Amino acid sequence: MNHASLEIAAEDELRRQQDLRLRIFLCYSTPCVAAGADRVRKVLDELITEHTLAAELEIVATGCMGPCSRGPLLRLRHANGSESLYEQVEPEQARALLLEALDEPSSEGGTAQALALDMPFFARQTRIVLSNNSEIDPENLDHALARGSYGALSKVLQDMTPADVCAEITRSGLRGRGGGGYPAGVKWELVRKSPAERKYVVANGDEGDPGAYMDRTIMESDPHRLLESMAIAGYAVGAEQGYLYVRGEYPLAAARLVKAIKAAERRGLLGSRVLGSNFNFRVDLRVGAGAFVCGEETALMVSIMGRRGQPVPRPPYPAQSGLWGMPTLINNVETFANVAPIIAKGADWFASFGTEKSKGTKVFALCGEVVNSGLIEVPMGISLRDIVFDVGGGLPEEGRFKAAQTGGPSGGCIPADHLDTPVDYESLQQLGSIMGSGGLIVMNDRSCMPDVAKFFVEFCRDESCGKCVPCRVGTLEMYQIMERITKGSANMHDLELLEDLCDLVQETSLCGLGMTAPNPVHNTLQYFRDEYLAHIRDKHCPAGVCQLDHVPVLDMPEHASHLIIDREEL
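The structure presented is a predicted model; accordingly, all values stated were derived computationally and were not measured.

Here the focus is the packing of aromatic side chains. Aromatic ring pairs are defined here through the distance separating the ring centres and the angle between the ring planes. In total, this model carries ten aromatic pairs according to the counting rule given. Plain terms: the ring middles of Phe-121 and Phe-122 are 5.3 Å apart, the flat faces sit at 90 degrees to each other, and that makes the pair edge-to-face. The buried category is assigned to Phe-121, whose relative accessible area is 0%. An angle of 15 degrees between the planes, with centres 6.0 Å apart, marks the rings of Phe-279 and Phe-281 as stacked. Of the two residues, Phe-279 and Phe-281, both sit in the buried class. Through successive ring pairs, a cluster of aromatic residues spans Tyr-200, Tyr-243 and Trp-324. In this structure, Arg-75 packs its charged tip against the face of Phe-25, placed 4.3 Å from the ring centre.

As structure tokens, this is what we get:
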């Protein structure tokens, strides 16, 4: 395939789709498959075969449509452009919907619940990264071509130099979406200017934050967007080899990426002489073994090279010495997913979204105590209140908002007093939290904040690779103190010790996991210190979550004396 045939293929596929009488979009992401989307698909396939309608209708098994708690989701699009969306669709309901759309209404199967396409959950979003999710079958390359995939790569190869591409990414203001927020263009330029015989591009899909599934959804829903952006990056920095590192718990994403790579290679969109040019770019998949620490870039690269995934000290940074000692560009999956739209529509267009220092949009996995949980994409700078109460529909059962946790185990909890804070890198950092990769957990007044902090400390303790003492031992000690606090056996000395220990772990750990492990404790102490004091002094959990049934050691004189007597008797 060359530049001209790429356009022809896209136009042919668009015409084919426009000639169809009806297109049936069935969400086939992991949550909807788990909710029964495969059973719905089977019924629809049988009905189309039974009525010999394959030439008139098409079932599109799409990526994530967004409201994951309402799956399986089904959308019908008629030839005149009218659309309707249904939630929690059962197989017989899908059959009835299709028959009705074919003017053969059936009284069997019941009525599926319709969802308004203009509800705030959809209307308040700005979809750049997720724009193709509900429109294409991720295993169908022609669907992706019809939506403009590989057009940005074609533009780069025909009209731009590598320096032009790096400059465009820099001008867009794109920052890393994996948590650090480092300017992507600066990183690209560093790799481009690093002299070396070989260079590499790596997409970090080892997403491990509790409650986060943004990267998984991108890989499952629009794999060609990711592959195209990696190829653009390869051209920009001078790399001919890319690696996609996928979390081991994401088998559907890995399977779709493998199919996408093979399909792109067969059509000349990856591999040798991409689009008929002199540019070669190959992508290989590496599946992780589920270690959270491999989300850290140096540990991830060690894992790609076949060794145990543990971080190494920096500098040198990957841009100077990464895979096999060569300059390596490593970005998060969501970061890459922004690249193709930036090249296709321009840096100014991208920079028109967001705030002065945080450009574009951010994908969040919105979950917890919220009516509309699911995957959302909103412009940077939107307030937390708008996300929770407008896009998310507020809290169920008229619950009272207490806090929103962002940034996973490295982040913090934002209290109700800061609901109007704009969600961008700087504002969240000022509140003691971070953007992180995009997990956003809403909590009501029945959540105990010391217990929430303990959960994340326990997570870091379990996921510590054990290489450095501050992280390996420090997170264990932190957890044990948190355990005493939430069990009722802590005293004020424990609280002082916990704060000192948090500072020590933060300042002396080797990598980001250890450095940020104390964040949930620091943050909840900043905003909810009264809850810690209630547990320690009053032996009372204000939220009613903790069972404070352990007796403090210093409050056990009788037990202690009894033990001494027993020893003397021995």
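By the definition in use, this model includes one cavity of 30 Å³ or more. Its boundaries defined by the atoms lining it, the largest cavity holds a volume of some 70 Å³. Along its surface, the largest cavity is lined by 13 residues, and Pro-311, Cys-465, Cys-468, Cys-471 and Cys-511 are the ones closest to its centre.

Before going further, it helps to examine the layout of surface pockets. Vacant regions in the atomic arrangement are exposed by a probe of water-molecule size rolled over the atoms. Volume-wise, the second largest pocket comes out at about 310 Å³. Surrounding the second largest pocket, 16 residues form its lining, Arg-147, Arg-225, Pro-341, Ala-344 and Lys-345 being those nearest its centre. Elements represented by at least two residues in the lining of the second largest pocket include exactly helix H7 (151-159), helix H11 (223-237) and helix H14 (333-345). Among the elements that line the lining of the second largest pocket, the one with the most residues is H14, at four residues.

Charged atoms that come close allow side chains of opposite charge to pair. All chains considered together, the criterion is met by 38 salt bridges. The closest approach of N and O atoms between Arg-171 and Asp-348, which form a salt bridge, is 2.7 Å. One end of the pair, Arg-171, is in helix H8 (residues 162-172); the other, Asp-348, is in helix H15 (residues 347-351), and 177 residues separate them in sequence. Arg-247 is the partner of Asp-206 in a salt bridge, and the nearest nitrogen-oxygen pair spans 4.0 Å. Here Arg-247 lies in the loop between strand S7 (241-246) and helix H12 (251-266) and Asp-206 lies in the loop between strand S6 (200-205) and helix H10 (214-221), a separation of 41 residues in the sequence. Judged on exposure class, the residue Asp-206 and its partner Arg-247 are both buried.

Spatial ordering of the open sheet is given by S8-S7-S6-S9, a layout of four strands whose pairing is parallel. Two strands in the sheet have a free side with no partner beyond their single neighbour: strand S8 (282-287) and strand S9 (328-332). For this sheet the average axis-to-axis angle between neighbouring strands, irrespective of direction, equals 20 degrees. When S6 meets S7, the two strands line up parallel, connected through six bridges. For Val-201, the partnering residue across the bridge sits in S7 and is Gly-242.

It is worth spelling out a negative patch on the surface at this point. On the surface, Glu-496, Asp-500, Asp-503 and Glu-507 cluster together into a negatively charged patch. By the secondary structure assignment, Glu-507 is in helix H20 (residues 492-508). When its relative accessible area of 64% is taken as the criterion, Glu-507 is described as exposed.

So, on to the packing of H8 against helix H9 (residues 184-193). Axis separation between H8 and H9 bottoms out at 7 Å; the angle between their running directions is 160 degrees. As judged from the angle between their axes, H8 and H9 are roughly antiparallel. The crossing of H8 and H9 is left-handed. Contacts between H8 and H9 pair Pro-162, Ala-163, Val-165, Cys-166, Ile-169 and Thr-170 from the former with Ala-184, Gly-185, Val-186, Trp-188, Glu-189 and Arg-192 from the latter. Per-class residue counts for the contact of H8 with H9 are eight nonpolar, two polar and two charged.

Definitions and limits used
Residues numbered from 1 in each chain as written. Predicted model: local features only at pLDDT ≥ 70, side-chain atom pairs only at ≥ 80, totals over all residues. Heavy atoms only, no water. Phe/Tyr/Trp six-rings, centres within 6.5 Å; stacked < 30°, edge-to-face > 60°. Buried < 20%, exposed > 50% of the residue type's maximum accessible area, 1.4 Å probe, protein only. Lys NZ or Arg CZ within 6 Å of the ring centre and 35° of its normal. 1 Å grid on protein atoms, 1.4 Å probe; cavity = no way out; pocket = protein on both sides within 12 Å on 5 of 7 lines; lining within 4 Å. Points joined across faces, edges and corners; volume = space filled by probe spheres on them. Helix = DSSP H or I, 4+ residues; strand = E, 2+ residues; numbered from the N terminus. Salt bridge = Lys/Arg side-chain N within 4 Å of Asp/Glu carboxyl O. Pairing = 2+ DSSP bridges. Axes fitted to C-alpha atoms, helices over the stretch in contact; angles between N-to-C directions. Patch = residues over 30% accessible without salt bridge, like charges linked within 9 Å, V, L, I, M, F, W, Y side chains within 5 Å. Areas by Shrake-Rupley, 256 points an atom, 1.4 Å probe, with all protein chains shown as cover. Lys, Arg positive; Asp, Glu negative; His and termini not counted. Charge placed at Lys NZ, Arg CZ, Asp CG, Glu CD. Parallel < 35°, antiparallel > 145°, perpendicular 65-115°, else oblique. Left-handed = near helix turned anticlockwise from the far one by under 90°. Contact = heavy atoms within 4.5 Å. Nonpolar A, V, L, I, M, F, W, Y, C, P; charged D, E, K, R; others polar.

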